[in-house]
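Here are the chains, one letter per residue:
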Amino acid sequence: MKFFLILTASLIINLNAQEHTIEIPSVFSDNMVLQQKSDVKFWGKAEAGTRVKLKTSWGSEASALSQNNNTWLIKVKVPKAGGPYTIKLTVGDSITTFKNVMTGEVWVCSGQSNMEMPLQGWPPRDTILNSAAEISNADYKNIRLITVKKDYSIDKKSDFIGRWEECSPASVAGFSAAAYYFGKKLYDELKVPIGLVFTSWGGTPIEAWTSNEAMNNAGLLKERLAKLTDDQKQYEIFIRYIQSRKLIMDLRQKPENKMWEDLDFNDKELSAVNYDDKALPEIILPGEWEKQGVGNFDGIVWLRKKIELPASWVNNDLVIELGPVDDMDRTYVNGTLAGAMENPGAWDDNRVYKIPSSINNSVILSVAVRVFDTQGGGGINGKKEQMKLINSSTGESIPLDGSWKYYLAAEYFDKRFYSVDNHVKSVSPAIGNSLTATSPTVLYNAMINPIIKYTIKGAIWYQGESNAWNEDAGLYQKQLPVMIKDWRDAWGIGSFPFYYVQIAPFEYTKGGYSQVIRDAQLKTLAVTNTGMAVTMDIGDLKTIHPSNKKDVGSRLALWALAKDYGKKVDYSGPLYKSFDTEGTNIVVTFDHAGGMVIKPVNNKNNFEIAGEDKIFKPADVIIKGDKLIISNKEIKHPVAVRYAWSNTSLGTLFNKAGLPASSFRTDNWDYMK
């Protein structure tokens with residue numbers, strides 16, 4: 001999908017009695033911010049030999065001819081921060097003027113759902129602290145925002161859908177909260193215009209954001225990369241199939257932040273108590289429907305179950321727990337809506353809904369869950385013990401796992417819903433997950449490649465949770481440096497600043513190796529001009545989307561303020577440096593260690609120590625300057641220390657600036673054991 005800035009009333013311009021296309025990428029628009037004190041690139045397409053001229057209101061001019069491949073590129077000198085300016089671009093006989101242009105600091109903001117999470121949050125489950133007040137006060141005309149619309153492609157794209165906007169309550173509500181807080185902190189400290197280029201997609205792994213060339217050169221994911229050509233062929237077969245279906249709903253014109261609200265498929269009858277579901281097939285839950293009778297299907301699937309209650313439970317308040325639902329749900333009990341989570345970022349959130357006594361009026365309880373899966377595996381797919389019905393008065397529970405009825409209501413693809421002829425089994429080509437937004441390179445191609453010529457100061461990155469689910473999480477230690485180098489090579493402006501967020505503790509429902517991702521992120525600090533915002537203290541074990549994005553953005557900004565803008569600020573918590581064994585103690589040394597303090601959580605400091613048997617035990621810790629003296633009286637010959645080394649261990653170690661230490665380990669033992 002492409003979107004071009006049209007230089008005249010029509011995209012097709014008549015030149016010398018022939019039709020020729022002039023294209024200007026969407027990243028150039030009114031309200032844009034250009035990187036101050038740099039040579040900024042402008043580029044586009046026009047008939048070979050066409051003269052392209054650029055003239056700015058600050059006095060710079062440049063020109064070039066369109067090349068034989070119909071592309072042109074101009075570099076223009078940009079002054080120090082200021083504005084507003086105008087820029088006149090002449091391509092042949094066509095003229096366009098960009099207005100309200102500022103010069104200042106430009107940052108790319110990318111990652112998965114924690115970067116994507118908007119300032120208005122994804123209520124009711126995933127909210128942003130002080131969201132309403134922050135949105136209402138967000139009238140900053142010199143902070144400019146542009147969002148790269150979600151898209152993926154096996155081939156490199158040259159453009160995207162998007163436009164620059166001034167930061168206002170209307171524009172910021174659906175914009176990345178972490179990116180906004182980062183930009184606002186820079187703006188408050190630097191007093192110059194800030195441009196934020198936001199390109200993010202929830203639930204995506206790092207390999208989707210890395211180019212094919214970079215991964216091949218690094219020897220990463222060779223089998224998956226080799227399979228992409230076949231994936232493309234299967235994808236084209238699927239496209240032909242989906243185009244043959246009847247379109248029943250199109251969401252492409254809905255704002256991203258309201259995409260999933262008020263979707264009506266005329267299927268409410270599936271929630272009714274008296275709906276006759278005897279003839280419907282069965283599925284075993286928890287479990288992904290792709291691995292059962294449903295087949296490869298993205299879209300709306302109803303799941304129904306009748307539960308026989310003890311007579312004493314009738315007219316009592318109940319609670320229904322389903323575990324995580326991938327991706328969204330509306331859950332009905334006895335025909336009444338009990339609860340819903342209707343944002344794609346809720347795919348790993350436990351569903352816990354209250355059932356008031358007023359609707360619990362029969363010994364047969366009817367439960368109907370409308371599940372909406374946008375990509376990948378779909379269904380109720382947590383653990384068996386997470387699916388239960390609880391009596392609020394007694395605490396007794398009834399398991400809900402096992403056999404459920406199901407009904408396919410609508411098939412989904414690319415923000416559109418299509419009819420389903422066979423409501424009990426998918427008939428789409430069996431492409432499975434062969435080519436999705438999670439495939440290697442596809443987001444780099446569609447959401448990074450179109451902006452790589454745009455001159456920036458640096459990038460911020462918040463991602464890692466999707467790679468933490470897999471047993472090959474250790475690969476991230478190579479993947480992150482490869483991606484950083486990949487982006488820097490593509491932009492061609494040197495080793496620009498790259499600051500990232502270390503993922504927070506979280507209770508992963510399917511295992512997870514988040515401590516391994518955090519370790520890889522810690523070790524990536526060895527890469528030139530990188531920095532890491534630690535979130536060990538501001539996570540939420542019950543949601544993968546912590547609500548405190550202000551500290552996330554501010555901590556990222558501290559790295560930039562200190563490293564790039566010469567501000568004398570503390571920018572990092574304690575970072576593990578080295579260790580030595582001294583008798584029955586292990587002495588661990590840190591950087592950024594001034595004024596270290598330990599704040600136990602649940603009476604635990606979350607330090608562990610092991611002897612030669614490699615069995616870790618809780619440790620006693622004494623602070624001595626920039627060192628920690630760590631021991632356990634039962635271990636006479638210690639060999640290794642770990643701190644916050646699990647999915648759920650919270651941070652307890654801080655420095656005088658109140659910034660938390662990263663989790664770390666001194667050993668290199670197999671993390672699978």
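The preceding data block contains the structure.
Note that this is a predicted model, so its numbers are computed, not measured.

Another aspect to go through is the side chain of Asp373. Within the fold, Asp373 resides in strand 21 (residues 364-373). Setting aside anything within four residues of it in sequence, one finds Asp373 in contact with Trp289, Glu290, Phe297, Asp298, Gly299, Asp326, Asp327, Gly378 and Tyr412.

We now examine a positive patch on the surface. The grouping of Arg51, Lys53, Lys55 and Lys88 at the surface amounts to a positive patch. Looking at the positive patch, the element that brings in the most residues is strand 5 (residues 51-56), giving 3 residues. On the accessibility criterion, Lys53 (48% relative accessible area) is partly exposed.

Before going further, it helps to spend a moment on the pattern of salt bridges. Within this structure, the stated rule accounts for 32 salt bridges. Beyond isolated ion pairs, a larger network of salt bridges with shared partners links Asp519, Lys523, Arg642, Arg665 and Asp667.

Looking now at the packing of aromatic side chains. Applying the stated criterion to the full structure yields 39 aromatic pairs. For the ring pair Trp209 and Trp461, a centre distance of 6.2 Å and an interplane angle of 85° mean the geometry is edge-to-face. In this pair, Trp209 is assigned in the loop between strand 12 (194-200) and helix 5 (212-218) and Trp461 in strand 27 (residues 458-462), connecting sequence segments 252 residues apart. For the pair Trp209 and Trp461, one class covers both residues: buried. Ring geometry for Phe498 against Tyr500: centres 6.5 Å apart, planes inclined by 45°, an arrangement best described as tilted. Clustering of aromatic rings is evident, with ring pairs tying together Trp209, Trp461, Trp487, Trp491, Phe496, Phe498 and Tyr500.

Counting buried residues along strand 36 (residues 627-631), 4 of its 5 residues qualify, which places the element largely inside the surrounding structure. Across 4 bridges, strand 31 (residues 585-591) lies against strand 36 in antiparallel orientation. Paired with Thr589 across the two strands is Lys627, which belongs to strand 36. Following strand 35 (residues 620-624), the chain reverses through 2 residues before pairing antiparallel with strand 36; Gly625 in that reversal takes a positive phi of roughly 65°.

Glancing now at the environment of Ser439. Within the secondary structure, Ser439 is located in the loop between strand 26 (416-418) and helix 8 (442-448). For Ser439, a relative accessible area of 3% puts it in the buried group. Taking C-alpha positions, Ser439 is 8.3 Å from Arg224, a pair spaced 215 residues apart along the chain.

Bringing helix 12 (residues 549-563) into the picture now. Compared with an ideal rise of 1.5 Å per residue, which puts 15 residues at 21 Å, helix 12 spans 22 Å between its outermost C-alpha atoms and is within 8% of the ideal. The complete set of buried residues in helix 12 reads Lys549, Val552, Gly553, Ser554, Arg555, Leu556, Ala557, Leu558, Trp559, Ala560, Leu561 and Ala562. Check the buried side of helix 12 and you find it contacts strand 9 (94-111), helix 1 (113-116), helix 4 (177-190), strand 27, strand 28 (498-501) and strand 29 (530-533). One side-chain oxygen at the N-terminal end of helix 12 lies 3.4 Å from the backbone nitrogen of Lys550; it belongs to Asn548.

Turning to the sheet that holds strand 37 (residues 640-643), a few remarks are in order. Whether parallel or antiparallel, the strands of a sheet pair through hydrogen bonds between backbone atoms. Strand order in the open sheet formed by 4 strands is 34-33-37-39, with antiparallel pairing between adjacent strands. Only two strands of the sheet have a single neighbouring strand rather than two, namely strand 34 (616-618) and strand 39 (664-665). One ladder, built from 2 bridges, connects strand 37 with strand 39; its direction is antiparallel. The residue of strand 39 that forms the bridge with Arg642 is Arg665.

Below, the discussion takes up the nonpolar core. Grouped together as the largest cluster of nonpolar side chains are 114 residues, with contacts concentrated most on Phe42, Trp487 and Phe607. Here this core gets 7 residues from one element, more than from any other, and that element is helix 10 (residues 476-491). Those residues within four positions of Phe42 in sequence are excluded, and the remaining contacts are Phe28, Met32, Leu34, Leu54, Trp72, Leu73, Ile74, Val76, Ile87 and Phe98. Counting 46 residues, the second-largest nonpolar core is a separate cluster that includes Tyr180, Tyr187, Tyr462 and Tyr499.

Judged by pairing direction, the sheet is antiparallel, and its 4 strands sit side by side in the order 30-31-36-35 without closing on themselves. Where the open sheet ends on each side, the last strands, each with one partner, are strand 30 (575-582) and strand 35. The sheet shows a mean angle of 25° between the axes of neighbouring strands, taken without regard to direction. As defined by bridge partners, strand 30 adjoins strand 31 across 7 bridges and the pair is classed as antiparallel. Its bridge partner lying in strand 31, Leu575 is registered against Asp591.

Let us look at the packing of helix 10 against helix 11 (residues 514-523). Following both chains from N to C, one finds helix 10 and helix 11 inclined at 45°, their axes separated by 8 Å at the closest point. Relative to helix 11, the element helix 10 lies oblique. Between helix 10 and helix 11 lies a crossing whose hand is right-handed. Taken together, the residues of helix 11 that come into contact with helix 10 (itself represented by Tyr476, Gln477 and Leu480) are Ile517, Ala520, Gln521 and Lys523. In the contact of helix 10 with helix 11, the residues fall into 4 nonpolar, 2 polar and 1 charged.

Our next topic: unusual backbone geometry. Backbone torsion omega between Gly83 and Pro84 reads 5°, so that peptide bond is classified as cis. Along the polypeptide, Pro84 turns up in strand 8 (residues 82-91). Of note in this structure, Asn100 is not a glycine but carries a positive phi near 55°. By relative accessible area, Asn100 is classed as partly exposed at 22%. For Asn529, which is not a glycine, the phi torsion comes out positive at approximately 60°. We classify Asn529 as partly exposed; its relative accessible area is 29%.

This part covers the state of the cysteines. On inspection of all chains with the given rule, the structure shows 0 disulfides. Unpaired in this structure, Cys109 has its nearest cysteine sulfur neighbour in Cys167, at a distance of 12 Å. You can call Cys109 buried: its relative accessible area is 0%. Residue class for Cys167 comes out buried when judged on its relative accessible area of 1%.

Before going further, it helps to spend a moment on the environment of Leu443. If you trace the backbone, Leu443 turns up in helix 8. On the accessibility criterion, Leu443 (0% relative accessible area) is buried. Residues Leu443 and Gly395, spaced 48 residues apart in sequence, show a C-alpha to C-alpha distance of 47 Å. Beyond its immediate stretch of four places on either side in the chain, Leu443 contacts Asp151, Tyr152, Trp201, Thr204, Ala208, Trp209, Ala437 and Ile448.

Scoring rules and cut-offs
Residues numbered from 1 in each chain as written. Predicted model: local features only at pLDDT ≥ 70, side-chain atom pairs only at ≥ 80, totals over all residues. Heavy atoms only, no water. Helix = DSSP H or I, 4+ residues; strand = E, 2+ residues; numbered from the N terminus. Contact = heavy atoms within 4.5 Å. Patch = residues over 30% accessible without salt bridge, like charges linked within 9 Å, V, L, I, M, F, W, Y side chains within 5 Å. Areas by Shrake-Rupley, 256 points an atom, 1.4 Å probe, with all protein chains shown as cover. Salt bridge = Lys/Arg side-chain N within 4 Å of Asp/Glu carboxyl O. Lys, Arg positive; Asp, Glu negative; His and termini not counted. Charge placed at Lys NZ, Arg CZ, Asp CG, Glu CD. Buried < 20%, exposed > 50% of the residue type's maximum accessible area, 1.4 Å probe, protein only. Phe/Tyr/Trp six-rings, centres within 6.5 Å; stacked < 30°, edge-to-face > 60°. Pairing = 2+ DSSP bridges. Expected span 1.5 Å × (residues − 1). Polar contact = N/O pair within 3.5 Å; in protein donor to acceptor, adjacent residues only side chain to side chain. Core = buried A, V, L, I, M, F, W, Y, C linked by side-chain atoms within 4.5 Å. Axes fitted to C-alpha atoms, helices over the stretch in contact; angles between N-to-C directions. Parallel < 35°, antiparallel > 145°, perpendicular 65-115°, else oblique. Left-handed = near helix turned anticlockwise from the far one by under 90°. Nonpolar A, V, L, I, M, F, W, Y, C, P; charged D, E, K, R; others polar. Disulfide = S-S within 2.5 Å.

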